Amino acid sequence: QISLVGSEVPARALVPSNGNLGMTWMQPDFDDSGWLSGQTGVGYDRNATYRDLINLDVRSRMENENTTCFIRVPFTLEAGASVSGLLLRMKYDDGFIAFVNGQRIAGGNAPEGNGSWNTTATSLHDDGEAVEFVDFTVAGGANSLRDGENVLAIIGLNDNLGSSDFVILPELVGFDAGELNRDEMLY
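(A) Fine view of the overall build of the protein. Counting its secondary structure elements, the protein contains 2 helices and 12 strands. Along the protein, helices and strands appear, N-terminal first, in the series β-β-β-β-β-α-β-β-β-β-α-β-β-β. Taken against the 2.2 N^0.38 rule, which gives 16 Å for 187 residues, the C-alpha radius of gyration of the protein at 17 Å falls within 12% of a compact globule. The principal-axis extent of the C-alpha atoms belonging to the protein is close to 60 × 35 × 30 Å. The proportion of buried residues among the 187 residues of the protein is 49%. Distance between charge centres in the protein, computed from 11 positive and 27 negative side chains, equals 5 Å.

(B) Quick peek at the packing of aromatic side chains. Here the structure, examined in full by the defined rule, presents 7 aromatic pairs. Look at W25 and W35: their rings are 5.9 Å apart centre to centre, the planes differ by 40 degrees, and that puts the pair in the tilted class. Taken together, the residues W25 in the loop between strand 2 (10-14) and strand 3 (36-39) and W35 in the loop between strand 2 and strand 3 connect sequence positions 10 residues apart. We classify W25 as buried; its relative accessible area is 0%. A network of ring pairs unites the aromatic residues W25, F30, W35 and F70 as a single cluster. In this structure, R89 packs its charged tip against the face of F133, placed 4.3 Å from the ring centre. Between K91 and the ring centre of F133, over which it is positioned, the NZ or CZ distance is 4.6 Å.

(C) Layout of the environment of G162. Mapped onto the secondary structure, G162 falls in the loop between strand 11 (148-157) and strand 12 (165-175). Given a relative accessible area of 35%, G162 falls into the partly exposed group. In the structure, G162 is positioned 95 residues away from T67 in sequence and 8.7 Å away in space, judged by C-alpha atoms. Not counting the four nearest positions on each side in its chain, G162 is found in contact with R46 and N64.

(D) Just the sheet that holds strand 6 (residues 68-77), in detail. Judged by pairing direction, the sheet is antiparallel, and its 6 strands sit side by side in the order 3-2-6-11-8-9 without closing on themselves. Edge positions in the open sheet fall to strand 3 and strand 9 (103-108), since each of these has one partner strand only. Neighbour-to-neighbour, the strand axes of the sheet open up by a mean angle of 25 degrees, direction not taken into account. Examined bridge by bridge, strand 2 and strand 6 share 3 bridges and lie antiparallel to one another.

(E) Region of the structure containing the nonpolar core. Of all hydrophobic cores here, the largest spans 36 residues; its most connected members are V58, L88, F96, L152 and L172. Ranked by the residues each element gives to this core, the list is headed by strand 6, at 5 residues. When residues no more than four places from it in sequence are discounted, the contact partners of L172 are I2, S3, L4, V5, F75, L86, L87, L88, V100, I105 and L152. Listed in part, the 12 residues of the second largest apolar core include W25, I97, F99 and I155.

(F) Looking closely at unusual backbone geometry. The amide bond that connects T40 to the next residue, G41, takes the cis arrangement and shows omega of -5 degrees. Within the element layout of this structure, G41 appears in the loop between strand 3 and strand 4 (42-45). For N64, which is not glycine, the phi dihedral falls at a positive 65 degrees. With respect to the helices and strands, N64 occurs in the loop between helix 1 (59-62) and strand 6.

Definitions and cut-offs
- Residues numbered from 1 in each chain as written.
- Predicted model: local features only at pLDDT ≥ 70, side-chain atom pairs only at ≥ 80, totals over all residues.
- Heavy atoms only, no water.
- Helix = DSSP H or I, 4+ residues; strand = E, 2+ residues; numbered from the N terminus.
- Rg over C-alpha atoms; globule rule 2.2 N^0.38 Å.
- Buried < 20%, exposed > 50% of the residue type's maximum accessible area, 1.4 Å probe, protein only.
- Lys, Arg positive; Asp, Glu negative; His and termini not counted.
- Charge placed at Lys NZ, Arg CZ, Asp CG, Glu CD.
- Phe/Tyr/Trp six-rings, centres within 6.5 Å; stacked < 30°, edge-to-face > 60°.
- Lys NZ or Arg CZ within 6 Å of the ring centre and 35° of its normal.
- Contact = heavy atoms within 4.5 Å.
- Pairing = 2+ DSSP bridges.
- Axes fitted to C-alpha atoms, helices over the stretch in contact; angles between N-to-C directions.
- Core = buried A, V, L, I, M, F, W, Y, C linked by side-chain atoms within 4.5 Å.

So far we have only geometry, and geometry alone does not tell us how the molecule works.
Here it is, written out as structure tokens:
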């Protein structure tokens, strides 16, 4: 296993006000220098439930403004690293769509497709469940990786504009399923 993205790593966040960025912001070379800067998890909470998880607070920009938050988490893959699959571990309220270098790898409480600047979560993710990691295995997800700089891009989704809380805390692990030797019989 290779830890690609751990907890409490550098991240950038933007609560978009229109669709001008399209999907360009999901690419590793996108300039996010004007975005909010901090560490994962990203979110806010009027109560205390998620406060220990939140390092990048987006309440003033998100609450009653938009159900969507764009999050960029850069990471580096060493040249020659053998990764055949990905495991995305997420703590989230209420939903998300995750991408590696612009390729969708997973979603939770989210519509099909790539989402947009004002997508809403398709259902609630209970506070008690949101503080536990949910694992999403991404077979073939390593195809979207490249040597050097990569970005885990997440569209964080709330279920309504006035929600009292929101949190996105990802971890990304690469794993190697090993080489398949077609001459060797295994049972």
